[in-house]
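A closer look at the structure
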Amino acid sequence: MEEMTLGELRKAAGGILLGNCADPDIRITDVVSDNRKAGPGSVFFAIVGENTDGHRFVEAALEAGAVGAVVSRAPKTYLPGKFYLLVEDTLQAAADFAAAYRRKFDIPVVAVTGSVGKTTTKDMIAAVLSVKYRCVKTQKNFNNYIGVPRTVFSINRSTQIAVVEMGMNHRGEIHHLVQIAQPTALTITNVGDAHIGFLGSRENIFRSKCEIFGGLAEGGYAVLNGDNSYLVRLREEKTQELIRSTTGMPKDFSMDFVGEDPACSFRAVDIRDDLPDRVTFTAVTPDGEIPITVPALGRHMIYPALTAAAIGLHYGLTKEEVQQGIAGYVATAMRMEIRELPDGILVYDDTYNANPQSMEAGLLTLSRVKGKKRVAVLGLMGELGDQEEALHREVGTSAAEDGIDVLVTVGPVAAAIADEAARRGLPKVYACRDKEEAKGILDQLYAPDTAFLVKASRAAELEELSKYLEDKAEK
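Scoring rules and cut-offs
Residues numbered from 1 in each chain as written. Predicted model: local features only at pLDDT ≥ 70, side-chain atom pairs only at ≥ 80, totals over all residues. Heavy atoms only, no water. Phe/Tyr/Trp six-rings, centres within 6.5 Å; stacked < 30°, edge-to-face > 60°. Buried < 20%, exposed > 50% of the residue type's maximum accessible area, 1.4 Å probe, protein only. Helix = DSSP H or I, 4+ residues; strand = E, 2+ residues; numbered from the N terminus. Salt bridge = Lys/Arg side-chain N within 4 Å of Asp/Glu carboxyl O. Arc of directions from axis to C-beta. Contact = heavy atoms within 4.5 Å. Pairing = 2+ DSSP bridges. Axes fitted to C-alpha atoms, helices over the stretch in contact; angles between N-to-C directions. Core = buried A, V, L, I, M, F, W, Y, C linked by side-chain atoms within 4.5 Å.

Going through the model one piece at a time under the given rule, you end up with seven aromatic pairs. Taking 4.9 Å as the distance between ring centres and 85° as the angle between the ring planes, the aromatic pair formed by Y78 and Y84 counts as edge-to-face. By relative accessible area, which is 2% here, Y84 ends up buried. Look at F206 and Y230: their rings are 5.9 Å apart centre to centre, the planes differ by 45°, and that puts the pair in the tilted class. Taken together, the residues F206 in helix α8 (residues 202-209) and Y230 in the loop between β12 (220-225) and α9 (237-247) connect sequence positions 24 residues apart. Ring pairs connect the aromatic residues F97, Y101, F105 and F153, which therefore count as one cluster.

Right, here's the structure in full:
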């Protein structure tokens, strides 16, 4: 973070100064909401969440060296030489300060959202742009009200471009985040069923994702999934007018679509998704063809790669630089990580998150593994609301139809996957009550030349089973 001042903080966030320190030239060199990360030059924002209240840690943050705190409740006592800025909402104050900080930098910012593949796409875009530019990107999946400001504050005078991931599960969240990041380019990876329990329908998810257009700069650039039935509607002027009326979509921006559809301006042809550790294809682009190798599994990897190619070419990279950047892509931990164990055993650890579309993509990837017994170990998918059972059963249908050999489900919610898969004719199905029971089944299935896919929403913590398989190999 580059230096800001108390005066700039107060101008951005408003509020009332309390305590005996009000020097507007006090220097701020870091922004934290965790008192354990406070230090000299930092300002502590007392964020109030569902499970914690940052006001409990204000004094600890100041004693650790923070120059001041932003609070929504006046403290009972004040430490000398520290400022206290009283605001109505500390989370909004952090957003306002981050937005003001963003305006200090005249650099391109790429915003990434979508139901599936946000983190992969963010990482792929950053891998490409980093070939030519000093690039800042969202770390891990810090893509919410706290994470997006954190990414913005990581920009400094050496940064040439930034890639910011934006997540959501309610209407209005993307609108809030895009006002902070103020992107010059954006991508929506797709519109699927993730968070449908909160939003009610795919149409509502589509409208919510399109809030990202409300922060796009005039003359900006959008890259959209041209194989997604919702996003292709944005080719139509009437849909653009609908989105413009609700989000403030700019009238002057350019747009490209990526995918397999012949109408896409960035198109994947000659796709090889049956290789053990990579996907290859030819990207047909307005600048010519680019042979692409993605060091990750799954046919769905064409979308982040094509999106990264489109954004890379838009920002001046050569075809060779795009090719190099995609080849250098490294996946975030627990996102289809490939672990090669002795005796030809493979473990595909995709335990960071799951929704119906990513589950089906994972099963399809597993089914393409050649010459091995293929075992899917699946847990629950969260935030599906009253469609929870139906959508889990859809995954069970995919498991039965995609050509895997064995299905193991973990937990009562995922039992619907097992029940539907068995009903659809998959011969070997195990519905386990919990991870301990699943470990016993994995002991039986662990054998040479077996490929395991382990996948569930984060709350299931199925990475424990991936680790269990690795530990068996070590023993």
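Having seen it, we continue.
Counted by the stated rule, this structure contains 37 salt bridges. For E241, the salt bridge goes to R244, with nearest N and O atoms at 2.7 Å. Placement of the pair is E241 and R244 together in helix α9, with a separation of three residues, close to one helical turn. Using a relative accessible area of 38% as the deciding quantity, one classes E241 as partly exposed.

Here helix α11 (residues 319-327) has its buried residues at E321, V322, G325 and I326. Buried residues of α11, viewed axially, fall in a sector of 130°; they line one side. For α11, the exposed residues lying more than 90 degrees away from the buried face are E320 and Q324. Where the residues of α11 are buried, they touch α4 (118-129), β16 (288-294) and α10 (302-314).

Spatially, the nine strands line up as an open sheet ordered β9-β10-β8-β11-β12-β13-β14-β15-β16, and their pairing is mixed. On the outer flanks of this sheet lie β9 (135-137) and β16, each paired with one strand and no other. Here the strands of the sheet are splayed against their neighbours by 20° on average, with no regard to which way each runs. Summarising the sheet, strand β8 (residues 109-113) and strand β11 (residues 185-188) pair through four bridges and their orientation is parallel.

In a soluble, globular protein the nonpolar side chains are often hidden away together inside. Judged by nonpolar contacts, the single largest core of 59 residues is most densely connected at L9, F83, M166 and F213. Take this core: its biggest share by element is six residues, from helix α3 (residues 90-102). With near-sequence residues (within four places) excluded, F83 lies in contact with L6, L9, L17, L18, C21, I26, I28, V43, V67, G68 and A69. Judged by nonpolar contacts, the second largest core, of 38 residues, contains V112, I161, F266 and V279.

With phi around 65°, D343 is a residue other than glycine that occupies positive phi space. Relative accessible area serves as the criterion here: at 57%, D343 is assigned to the exposed category. Its identity as a non-glycine residue notwithstanding, E461 has a phi of 55°, on the positive side. For E461, a relative accessible area of 43% translates into the label partly exposed.

Before going further, it helps to examine the sheet that holds strand β22 (residues 450-455). Spatially, the six strands line up as an open sheet ordered β17-β18-β22-β19-β20-β21, and their pairing is mixed. Every other strand in the sheet has two partners, leaving β17 (337-341) and β21 (428-432) as the edge strands with one partner each. Shown here is a sheet whose adjacent strand axes are inclined to one another by a mean of 15°, direction ignored. Here strand β19 (residues 373-378) runs beside strand β20 (residues 406-410); their pairing, made up of four bridges, is parallel. Within β20, the residue paired with A376 across the bridge is L407. Sitting on the sheet, helix α12 (residues 356-367) is in contact with β18 (345-350), β19 and β22, with an inclination near 165° to β19.

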